[in-house]
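Listed here are the chains, written in short residue letters.
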Amino acid sequence: MAELPMTERANDPGHSNGRFTISTLISTEDSSRGHYGQTDLAVSDTGLASHLTHNSTFYMRTFGYNTIDVVPAYEHYANTRLSSEMKKARPTLADLHSFLKQGNSHLHPPAYELHQSNGLSEADTEEEAGEGDEKPKQEPVRFGWMKGVMIRCMLNIWGVILYLRLPWITAQAGIALTWLIILMSVTVTTITGLSISAISTNGKVKSGGTYFLISRSLGPELGGSIGLIFAFANAVAVAMHTVGFAETVRDLLQEHNSPIVDPTNDIRIIGIITVTVLLGISLAGMEWEAKAQVLFFIVIMISFINYLVGTVIPASKEKQAKGFFSYKADIFAQNFVPNWRGPDGSFFGLFSIFFPSATGILAGANISGDLKDPAVAIPKGTLMAIFWTTVSYLVISATIGACVVRDASGNVNDTISVGFLGCEGIACDHGWNFTECAESHSCHYGLINYYQSMSMVSGFAPLITAGIFGATLSSALACLVSAPKVFQCLCKDQLYPAIGFFGKGYGKNDEPLRGYLLTYIIAIGFILIAELNSIAPIISNFFLCSYALINFSCFHASITNSPGWRPSFRFYSKWAALFGAVVSVVIMFLLTWWAALIAFGIVIFLLGYVLYKKPEVNWGSSVQAGSYNMALNYSVGLNEVDEHIKNYRPQCLVLTGPPNFRPALVDFVGAFTKNLSLMICGNVLVGPRQQKLSEFRLMSSGHNKWLTKRKVKAFYTDVFAEDLRTGAQILMQASGLGRMKPNILVIGYKKNWQADHPQMVEDYIGILHDAFDFRYGVCMMRMKEGLDISRLMQAHMDPDALLAEHQASTVFQVEQGKKTIDIYWLFDDGGLTLLIPYLLGRKKRWGKCKIRVFVGGQISRMDEERKAIISLLSKFRLGFHEVHVLPDINQKPRPEHVKRFDDLIAPFRLHDGFKDEVEVNEMRLGCPWKISDEEVAKNKVKSLRQVRMNEILLDYSRDAALVIITLPIGRKGRCPSSLYMAWLETLSQDLRPPVILARGNQENVLTFYCQ
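Predicted model, so just to flag it, every value in this text is computed and none were measured.

Reading the values: rules and limits
Residues numbered from 1 in each chain as written. Predicted model: local features only at pLDDT ≥ 70, side-chain atom pairs only at ≥ 80, totals over all residues. Heavy atoms only, no water. pLDDT = per-residue confidence, 0-100. Contact = heavy atoms within 4.5 Å. Core = buried A, V, L, I, M, F, W, Y, C linked by side-chain atoms within 4.5 Å. Buried < 20%, exposed > 50% of the residue type's maximum accessible area, 1.4 Å probe, protein only. Helix = DSSP H or I, 4+ residues; strand = E, 2+ residues; numbered from the N terminus. Patch = residues over 30% accessible without salt bridge, like charges linked within 9 Å, V, L, I, M, F, W, Y side chains within 5 Å. Areas by Shrake-Rupley, 256 points an atom, 1.4 Å probe, with all protein chains shown as cover. Salt bridge = Lys/Arg side-chain N within 4 Å of Asp/Glu carboxyl O. Disulfide = S-S within 2.5 Å. Axes fitted to C-alpha atoms, helices over the stretch in contact; angles between N-to-C directions. Left-handed = near helix turned anticlockwise from the far one by under 90°. Nonpolar A, V, L, I, M, F, W, Y, C, P; charged D, E, K, R; others polar. Parallel < 35°, antiparallel > 145°, perpendicular 65-115°, else oblique. Pairing = 2+ DSSP bridges. Right-handed = clockwise from strand over helix to strand, strands pointing away. Expected span 1.5 Å × (residues − 1).

Draft legend 1. Spatial organisation of the confidence of the model for the protein. Chain-level pLDDT for the protein is 80 on average; 83% of the residues reach the 70-or-more range. Contacts of residues 1-59 to residues separated by more than four positions or lying in other chains number 87 contacts, the stretch itself having pLDDT below 50. Per-residue pLDDT stays below 50 along residues 81-85; that stretch engages in five contacts with residues further than four places along the chain or on separate chains.

Right, here's the structure in full:
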């Protein structure tokens, strides 16, 4: 614990807000004395006394001594500030570990709270609305699990199919198979309900419903696409349910000969009036909408009771004529088995008709932002709704199948005496003869012919009609509320353009009024069509698509084993979730295969858009966890694979410093490593570590974003070191992971080596020696205009400023045309000098360049040496066919060029007069870069070779796009750094194209064997 001098304060036990105390364990007398028998007096730190407020953490009563460390508290983990009190913050590590400043930096919110992603923030609208508003804030209306979820889901699950199609399905499939159809459908919805329960209890759920759950679990790509189509599907579903209501009203009007205009326009008029009334209820607020839903629920429950009472009332003669005989065992036995009729008379045909009536389980989750405790309400309410609606389906199927025969004429004159000959069917035993219409399939009544069987069975038929009204209107109202809520969350996340306008909320419940109006307009548009048979299958597939993704979200989050996946709801299975996802997709194609293809096509299109735009959001999705798992498993798996020359990849550690300072170096390496091998941009922060710590994290984030914006696939890492060479040694030894470790050091040419301090040059050359010691290959890059552009731009440490600055263009970003890439393979380094230009030539920008290979040779053996190199290159399969032998490589250079070299090394010579080695070392003490006369003489031939090579380069490669030369090596301890730099300067000077000096680690990187 970080301790501070104890400060005197009032003895107020209740003032230890949220702190543990020991007052109950010590007597009053003891508590008045200090620890170890000393009086309770302390030296006060006047610099900190002013900060001892009610919320301060400087309390000595916590553990008996004064500390700024704090005990765990909810506020330290919450992303939002409570309006009633100041935000409490955990002290930073610097507060506890380093010197504490008087500014009390630990009172500021942590960095992660200052840089939240584009996701929804809790109560953000309340905070905005409260600014400058003197009136106290009204508490929003919140619902519990029963009123907010269970009743809402039950109303959305129940629909016209329950009243008008379930009796018909029972007649077709029989009670047994109808129960199987119901249980199969409920299995899918139950698994989905369990998945919803798991996801909704894995962290705090905010508004956005299904979209919020999927997007925060699978990420913005799939979440955004399903959110958009789910909101649209709900908007169109408003029209579907409203048209269902309007058709029922129109039929009633026709029965009483009171049409408004004509059948089609009657639907439009009634539908528009109805959806307008529903919009008014929604705009009145969630409280009124909830009251309306409760009213609809009561109406439906009364209709159920009315139906059940009707089944036990003795059947009248009129009802018997229509096939109702109350509970009879023989009727139950006959209706227990199937009797397929018509084009839909098959198991899967009836399953596809019934399954939409089991959907609607997302109605509660869709208003997650209006629930008191979504983590409790969604699991409890959803699963209870599934249970009770399943019971209602099973009961209605069994009861109506035990009361009503399949075929009845409706003619009260079809009575016969029991035992009448020539009568067929179960109705004969009850005194009715429906044989004629049953054989000709012309019966108008009976379970299989009369859709209004529930009304006929019920005690009071108008109540069943009221139940149909309640089921359709409640479903329409639920969809009218769900669509704007989901769409509002999507708009606030800004995943798609031009929809942010609809994200604004109003009032204490943050109501999406603009979203309501948009949903209303969409619903009106589809109501005016008045023919929804073609669009209905697509809507059902959109809902099923949501089920599939919810189940897959639960499975994927479980299978990744992310520590962040900790749902408090434990009654789920990842394999059951996967099964639910697969079955949902299968059902999509069973319902309507073409609609399933349309749904998948829309999802893939929207998915591709978000993948292309790459929104800057970070929700900790399971896709991120899965990516980490895959990367970790493959990286560990690489350790079990032996290295082979055929699988060699140039994995580069690039000493870029800040990458935006040397963009040409970054672009060059990125050009041949992209999608192929590892690239790490290394930066050595030279200087005292304490001064660099404050900017360390900010720099790293900014440089990674800069690389991403430049579309360079590379890692960025930086280290603290006392000098450049030490930092480079750390990077070369510690960079990488397992087999994914750099094997090539890429470094820029030190252009200012003559003007810089000689010790800096010594360290620079020392880095090359260290690279060879660590068995690295080396690439050195020189450009005529230099690599470091930091003087042409401001050195930004702010990540936003780094992204905003102009991205400097380099030669490696432009099309090279039909130039040449010239390779001077002077010495055999294992093939790295050939491999890098080969990889570069495979890129589009360099693909048209002709690659030429130059090798040294003798005039007398030019043809033989050329044929030998061509043969070797052909075995390597590099596609290099133009080979030039340089017979004049051993000629003496021109005198003026030799003099220029001598002038270059003159300032660094000892002029010792060929003294012995001991005296030379004494003279060179403190300046090891000095060149003795003996070293000049010993290396004269090599020095002249560099001068001559520069002349050849100027003759052959003046107009090349890129020149790659084998890097000469200076022997460690025998070649002074200044002499070596003079060689490199002489070799590459006056060349217009970029020059790459490359040297492998003398191990093969190319092979012509197949194993």
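Draft legend 2. Here's a closer look at the nonpolar core. If you look at the biggest cluster of nonpolar residues, it comprises 135 residues, and the most contacted ones within it are Trp158, Leu162, Tyr163, Ile196, Tyr393, Val404 and Ile587. Counting residues per element, this core draws most heavily on helix H19 (residues 461-493), which supplies 14 residues. Those residues in contact with Leu162, other than ones at most four positions away along the chain, are Pro167, Phe304, Tyr393, Ile396 and Met454. Residues Val719, Met780, Cys927 and Cys975 belong to the second largest nonpolar core, which totals 54 residues.

Draft legend 3. Inspection of a nonpolar patch on the surface at higher detail. On the surface, Leu180, Met184, Phe348, Val582, Val586 and Leu590 cluster together to form a nonpolar patch covering roughly 500 Å² of accessible area. Those elements that place two or more of their residues in the nonpolar patch are helix H8 (166-200) and helix H22 (574-591). Among the elements that take part in the nonpolar patch, H22 stands out by supplying three residues, more than any other. On the accessibility criterion, Leu180 (39% relative accessible area) is partly exposed.

Draft legend 4. Representation of the state of the cysteines in the model. According to the stated counting rule, one finds one disulfide in the structure shown. The disulfide partner of Cys437 is Cys443, and the S-S distance across this bridge is 1.9 Å. Of note, the bridge from Cys437 to Cys443 carries an S-S torsion of about 80° and is right-handed in sense. Like Cys443, Cys437 is buried.

Draft legend 5. Representation of the packing of helix H32 (residues 895-905) against helix H36 (residues 977-988) within the structure. The contact between H32 and H36 brings their axes to 10 Å, and the two run at 145°. Note on packing geometry: the crossing formed by H32 with H36 is right-handed. Contacts from Phe901, Leu904 and Ile905 of H32 reach H36 at Leu979, Ala982, Trp983, Glu985 and Thr986. In the contact of H32 with H36, the residues fall into six nonpolar, one polar and one charged.

Draft legend 6. Representation of the packing of helix H9 (residues 209-218) against helix H10 (residues 220-255). Contact geometry of H9 with H10 gives a least axis separation of 7 Å together with a crossing angle of 165°. Judged by the inter-axis angle, H9 sits roughly antiparallel to H10. Considering how the two elements wind past one another, H9 and H10 form a crossing that is right-handed. For the pair H9 and H10, the contacting residues are Thr210, Tyr211, Ile214, Ser215 and Leu218 in the first and Pro220, Glu221, Leu222, Gly223, Gly224, Ile226, Gly227 and Phe230 in the second. A per-class count over the contact of H9 with H10 returns seven nonpolar, five polar and one charged.

Draft legend 7. Here's a closer look at the pairing of strand S7 (residues 850-856). S7 sits mainly inside the fold: five of its seven residues count as buried. The pairing of strand S6 (residues 820-824) with S7 spans five bridges and is parallel. For Thr820, the partnering residue across the bridge sits in S7 and is Lys850. With helix H30 (residues 832-841) bridging S6 and the parallel S7, this β-α-β connection has right-handed handedness. Bridge count for S7 against strand S8 (residues 882-886) is five bridges, and the pairing is parallel. By the bridge assignment for S8, Arg852 is matched with Glu882. Read from S7 through helix H31 (residues 862-876) to S8, the crossover connection turns out right-handed.

Draft legend 8. Geometry of helix H20 (residues 513-529). Here H20 spans 25 Å end to end across 17 residues, near enough to the 24 Å set by a 1.5 Å rise per residue. Among all positions of H20, only Gly515, Tyr516, Thr519, Tyr520, Ala523, Ile524, Phe526 and Ile527 are buried.

Draft legend 9. Representation of unusual backbone geometry in the model. Phi at Gln494 is positive, roughly 55°, even though this residue is not glycine. Within the element layout of this structure, Gln494 appears in the loop between H19 and H20. Assessed through its relative accessible area of 56%, Gln494 is described here as exposed.

Draft legend 10. View of the side chain of Asn156. If you trace the backbone, Asn156 turns up in helix H6 (residues 145-157). We classify Asn156 as buried; its relative accessible area is 15%.

Draft legend 11. Spotlight on the environment of Gln452. Within the secondary structure, Gln452 is located in the loop between helix H17 (435-440) and helix H18 (453-457). Distance from Gln452 to Ile464, taken between C-alpha atoms, is 9.2 Å for residues twelve residues apart in sequence.

Draft legend 12. The pairing of strand S4 (residues 744-748), seen in detail. Burial of S4 is extensive: five of the five residues sit out of reach of the surface. Neither face of S4 is left uncovered, since the one carrying Ile744, Val746 and Gly748 and the one carrying Leu745 and Ile747 both have all their residues buried. With three bridges connecting them, strand S1 (residues 652-655) and S4 associate as parallel partners. The residue bridging Val654 from the neighbouring strand is Val746, located in S4. Taken together, the five bridges between S4 and strand S5 (residues 777-782) define a ladder with parallel strand orientation. For Val746, the partnering residue across the bridge sits in S5 and is Cys779. This β-α-β element, S4 to helix H28 (residues 758-773) to S5, shows right-handed connectivity.

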